[in-house]
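Examining the three-dimensional arrangement
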Amino acid sequence: MDDLGPVAWPPLPITTERLVLRESEARDRAAFIELHASSETHTYLGGPRPRDELEREMPEVPGRAPGSFVVELDGEMIGQILLRRAAEHLRPAAVGKVDLGYLFLPRAWGFGYATEACAAALDWLDSVLPGEPVVLATQTANVRSMRLAARLGFTEVERFRAWDADQWLGLRSPVLPCD
């Protein structure tokens with residue numbers, strides 16, 4: 001896998017108590033469009049994209065890329081988890097580390113699904129790349145995301161200003177395998 005090195009992709013689906021994390025399928029296209037057209041979902045991400053533009057440009061099987069998990073509840077996509085190498089544009093402290101990203105449909109907010117899905121994805125990452133540090137960036141105004149970062153064990157590395165907003169960068173210390 002390009003972004004995460006020699007990790008085989010896609011992995012077998014990951015099952016939690018309520019969710020399944022899996023590779024994207026054609027049946028997820030409508031949910032991907034809804035996710036990227038949602039003004040609520042993109043409040044802290046620069047705003048939604050126009051639905052008609054998404055309809056034209058979205059591939060038949062969207063989100064199919066190494067490190068991209070669809071989050072499924074009762075057979076329906078409710079969100080996406082992304083694990084990828086942090087890009088140069090993020091922050092020097094993050095470059096080269098795995099960046100955790102996530103998007104959930106507003107109807108899935110407030111039930112703990114993001115915590116459950118992100119924890120499962122991080123557990124998977126720990127099993128395939130033990131000792132790998134993970135970063136998470138969010139706007140400080142995104143209170144839900146800040147709480148999620150704390151629940152997942154991220155601690156502040158720095159605050160900075162980007163994209164006309166105050167940002168927060170957190171680091172999750174590597175989980176090392178037991179001897």
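Going by the structure above, here's the rest.
As a starting point, this report considers the structure included with it. (Residues numbered from 1 in each chain as written. Predicted model: local features only at pLDDT ≥ 70, side-chain atom pairs only at ≥ 80, totals over all residues. Heavy atoms only, no water.)

1. A closer look at the pairing of strand E4 (residues 76–85)
Relative to E4, strand E3 (residues 68–73) runs antiparallel, the two sharing six bridges. Considered in E4, the bridge of Val71 is made with Gly79. Joining the antiparallel neighbours E3 and E4 is a turn of two residues, in which Asp74 adopts a positive phi near 50°. Sheet topology places E4 next to strand E5 (residues 98–104); seven bridges connect them, and they run antiparallel. (Pairing = 2+ DSSP bridges. Helix = DSSP H or I, 4+ residues; strand = E, 2+ residues; numbered from the N terminus.)

2. Brief notes about the sheet that holds strand E6 (residues 134–139)
Sheet architecture is open: eight strands sit in the order E1-E2-E3-E4-E5-E6-E8-E7, paired in mixed fashion. Single-partner strands in this sheet number two, and they are strand E1 (14–15) and strand E7 (155–162). Two elements, E5 and E6, share two bridges in a ladder whose sense is parallel. Bridge assignment links Val98 to a residue of E6, and that residue is Val134.

3. As for the pattern of salt bridges
Pairing between side chains becomes possible if they bear opposite charge and their charged atoms approach one another. The final tally for this structure, using the stated rule, is 16 salt bridges. With its nearest N and O atoms 2.9 Å apart, the salt bridge here joins Glu72 to Arg27. With Glu72 in strand E3 and Arg27 in the loop between strand E2 (19–22) and helix H1 (29–37), this pair connects stretches of sequence that are 45 residues apart. Measuring nitrogen to oxygen at the nearest pair gives 3.0 Å for the salt bridge that ties Arg159 to Glu156. Where salt bridges share partners, they join Arg22, Glu25, Arg27, Asp28 and Glu72 into one cluster. (Salt bridge = Lys/Arg side-chain N within 4 Å of Asp/Glu carboxyl O.)

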